[in-house]
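The lines below spell out each chain.
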Amino acid sequence: MTGDVAVLGAGMHPWGKWGRGFVEYGVAAARAALADAGLGWREVGSIVGADTVRGGYPGHVAGATFAKALGWQGARVTSVYAACASGAQAVAAARAQILAGLAEVVLVVGADAAPKGFFRPAGGDRPDDPDWLRFRVLGATNPTYFGLYARRRMAVHGDTLEDFAQVKVKNSAMGALNPYARYRKRVGAEEVAASAVVADPLRLLDICATSDGGAALVLSSVEFARGRGAAEPVRIRAVSTVTPTYPNTVLDLPDIATDSAAAVEPAAETFRASIARAAYEEAGLGPEDLSLAEVYDLSTALELQWYEDLGLCGEGEGAKLLREGATAPGGRIPVNTSGGLASFGEAVPAQAIAQVCELTWQLRGEAGDRQIEHARVGITANQGLFGHGSAVVAVR
Amino acid sequence: MVTGWFAGDGDDFTLLGTRCSACAAVFFPREDGCCRNPGCAGGDLAEIPLSRRGRVWSYTDSRYRPPSPYVTDPELPWEPYTLIAVELAAERIVVLGQAVPGVTVADLSVGAEVELVPGVLHEDGETVWTTWRWRPTGVTA
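Note that the structure is a prediction, hence the values are computed from the model and not measured.

Caption draft 1: Representation of the overall build of chain A within the structure. Counting its secondary structure elements, chain A contains 13 helices and 11 strands. A compact globule built from 396 residues would reach a C-alpha radius of gyration of about 21 Å, and chain A, at 20 Å, matches this within 12%. Projected onto its principal axes, the C-alpha positions of chain A cover 55 × 50 × 45 Å. Carbon and sulfur atoms provide 52% of the accessible area of chain A, an area that totals close to 13700 Å². Within chain A, one finds 36 positive and 43 negative side-chain charges whose respective centroids are separated by 6 Å.

Take a look at the structure:
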């Protein structure tokens, strides 16, 4: 397919709280991806960085920061910021350059050094920033939104705390097998239940941590990949970066209220579902074609929501799908084989790139102890603050 | 800080939104620039009071002290507060707010009726910052 780009290399810096600068993590991931691709840095015609916001003035211009650290060599440079979707937008920018013929090989890098505790907005009095407002006026942290979604699922679909805990049990078992994951210990349901409540009904082990980490990809044209001996490379077939459709009637971070549906009837599908649909349409395939999915499990309950939004099951059937074992290794559609954010934590500009790294390793059959058999098609799903969709479809 | 988001006292306390004169779209927090309905050519945005009663869409609480810019006294022990997302039927909108002090998640259920009351977000020697709070109907605390 002419719209494909090849994934020549994937690399990560192990995630954790390492206490070093984000540049170090990004450069380590970039060097790993270049080595995986068998390319030297000077063969790269373009670098795209997913921006890191914390740790300085708003928006470290990551593309140039990584290029400088790797050694200035005159590459085309791009820096993108889309909150949690930054990595997917970096992939989208790289893909567009390759398909437009502006570059043959593009290095995509995202890395972060996360602060302790809750994510919070930048300082100062900034009432024009919805993210600042929700903290100042309501004290509404990210976990309180996850709590709202979880409690709503319990009321509408009958999900239970045990269902949520089983998502953590599943993901921690996969993370235990992933050398790049921060948490590499299997967690039992009783440990989830024994952890402190953060935002009712969710407990500490239902909610992802903040982490340091880095991830990188080397993308190229399919022709270039073939020229380098990669006859059948993993290919990116779709990148969804859609916005919501007015009126967006699901209360989303960082908003204090939804859009009103008084004037316009809402679309039948939610924003999260539209992210997946756009990716499926662009890729020319559907949920029935998937071998695996990497979804954005900010909380255990949110992973169940993604099952439905990706069309892996019907509305309200996410917990049932989990209970059947369909999303576990060996199931019909394993989800978060990397261990997910439950095992990695959030390193915001890196995580959507890290999801594509996992698809790449799985589709190549290089995922080691967590390898899914016969993996041919994978999707990632993520959502960036302020209305950034994010999904990538990769095929082999 | 959030000028024009609410008005009135006691039983007359209401949230203030805006409504487009062309398409009748409602906005809260108030939108005073342009109508955000992409199918609307754009009308005048007039201030309207929102419904004072609604139904619980969902709820949660905050068991840990949130970071700045939320204002709390670190000298005092942390008292969790409850957050309620409330569906207003007439406006077909969901509005998030803190519950009145003393209301916990055990007092709530999805679909239960709540009403709007004024509350104090924070006060110091010079200023009292008023905010809105949701209170289950029938509760007078």
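Caption draft 2: Quick look at the interface of chain B and chain A. Between chain B and chain A, the residue contacts involve 47 residues of the former and 41 residues of the latter. Overall, the association of chain B and chain A removes approximately 3700 Å² of surface from exposure, summing both partners, and the carbon and sulfur fraction of that is 65%. Our count for the contact surface shared by chain B and chain A stands at 2 salt bridges. With a closest N to O distance of 3.0 Å, A:Glu265 and B:Arg92 form a salt bridge. Inspection of the region where chain B meets chain A yields 14 residue pairs in polar contact (both at pLDDT 80 or more). Of all the secondary-structure elements, those providing two or more residues to the side of chain B that touches chain A are β3 (26-27), β5 (53-62), β6 (81-88), β7 (93-99), β8 (113-123) and β9 (128-136) of chain B.

Caption draft 3: Spatial organisation of the layout of surface pockets. In this model, the second largest pocket occupies a volume close to 900 Å³. Lining of the second largest pocket is provided by 35 residues; of these, A:Thr249, A:Val250, A:Thr270, A:Glu315 and B:Trp57 occupy positions nearest its centre. Residue contributions to the lining of the second largest pocket peak at 5 residues, all from helix α5 (residues 142-157) of chain A. Looking at side-chain class alone, the lining of the second largest pocket contains 15 nonpolar, 10 polar and 10 charged residues.

Caption draft 4: Examining the pattern of salt bridges more closely. A complete count under the given rule lists 31 salt bridges over all chains for this structure. One salt bridge in this structure joins A:Arg20 and A:Glu24, with 2.5 Å as the shortest N-O distance. Classification of A:Arg20 by relative accessible area gives partly exposed; the value is 36%. One salt bridge connects B:Arg30 with B:Glu47, and the closest N-O pair in it is separated by 2.6 Å. Of this pair, B:Arg30 sits in the loop between β3 and β4 (45-49) while B:Glu47 sits in strand β4; the two residues are 17 residues apart in sequence, bridging distant segments of the chain. A relative accessible area of 44% means that B:Glu47 is categorised as partly exposed. Members of the salt-bridge network, linked through shared partners, are B:Arg53, B:Glu113, B:Glu115 and B:Arg135.

Caption draft 5: Fine view of the environment of A:Asp128. Relative to the helices and strands, A:Asp128 resides in the loop between β4 (105-112) and α4 (130-138). Separated by 244 residues in the primary sequence, A:Asp128 and A:Ile372 have C-alpha atoms spaced 47 Å apart.

Caption draft 6: Representation of helix α13 (residues 348-364) of chain A within the structure. Residues and elements named next belong to chain A. Here α13 contains 17 residues, and its C-alpha end-to-end distance of 26 Å stays within 8% of the 24 Å for a straight helix at 1.5 Å per residue. In terms of residue burial, α13 counts as a mostly covered element, since 17 of its 17 residues are buried. Backbone geometry just after α13 places Gly365 at a positive phi near 80°.

Caption draft 7: Molecular detail of the packing of aromatic side chains. All names here are of chain B. For the structure on display, the rule yields 10 aromatic pairs over all chains. Summarising the aromatic geometry, the rings of Trp5 and Phe28 are spaced 5.7 Å apart at their centres and angled 65° between planes, so their arrangement reads as edge-to-face. Note that Trp5 is positioned in the segment before β1 (6-7) and Phe28 in the loop between β3 and β4, a separation of 23 residues in sequence. Considering the side-chain rings of Trp5 and Trp132, the 6.0 Å spacing of their centres and the 45° angle between planes classify their relative orientation as tilted. You can see Trp5 sitting in the segment before β1 and its partner Trp132 sitting in strand β9, a full 127 residues away along the chain. Each member of the pair, Trp5 as well as Trp132, is classed as buried. Following the ring pairs from residue to residue traces out a cluster consisting of Trp5, Phe6, Phe13, Phe28 and Trp132.

Reading the values: rules and limits
Residues numbered from 1 in each chain as written. Chains lettered and ligands numbered in written order. Predicted model: local features only at pLDDT ≥ 70, side-chain atom pairs only at ≥ 80, totals over all residues. Heavy atoms only, no water. Helix = DSSP H or I, 4+ residues; strand = E, 2+ residues; numbered from the N terminus. Rg over C-alpha atoms; globule rule 2.2 N^0.38 Å. Areas by Shrake-Rupley, 256 points an atom, 1.4 Å probe, with all protein chains shown as cover. Lys, Arg positive; Asp, Glu negative; His and termini not counted. Charge placed at Lys NZ, Arg CZ, Asp CG, Glu CD. Contact = heavy atoms within 4.5 Å. Buried area = accessible area lost by both parts, 1.4 Å probe. Salt bridge = Lys/Arg side-chain N within 4 Å of Asp/Glu carboxyl O. Polar contact = N/O pair within 3.5 Å; in protein donor to acceptor, adjacent residues only side chain to side chain. 1 Å grid on protein atoms, 1.4 Å probe; cavity = no way out; pocket = protein on both sides within 12 Å on 5 of 7 lines; lining within 4 Å. Points joined across faces, edges and corners; volume = space filled by probe spheres on them. Nonpolar A, V, L, I, M, F, W, Y, C, P; charged D, E, K, R; others polar. Buried < 20%, exposed > 50% of the residue type's maximum accessible area, 1.4 Å probe, protein only. Expected span 1.5 Å × (residues − 1). Phe/Tyr/Trp six-rings, centres within 6.5 Å; stacked < 30°, edge-to-face > 60°.

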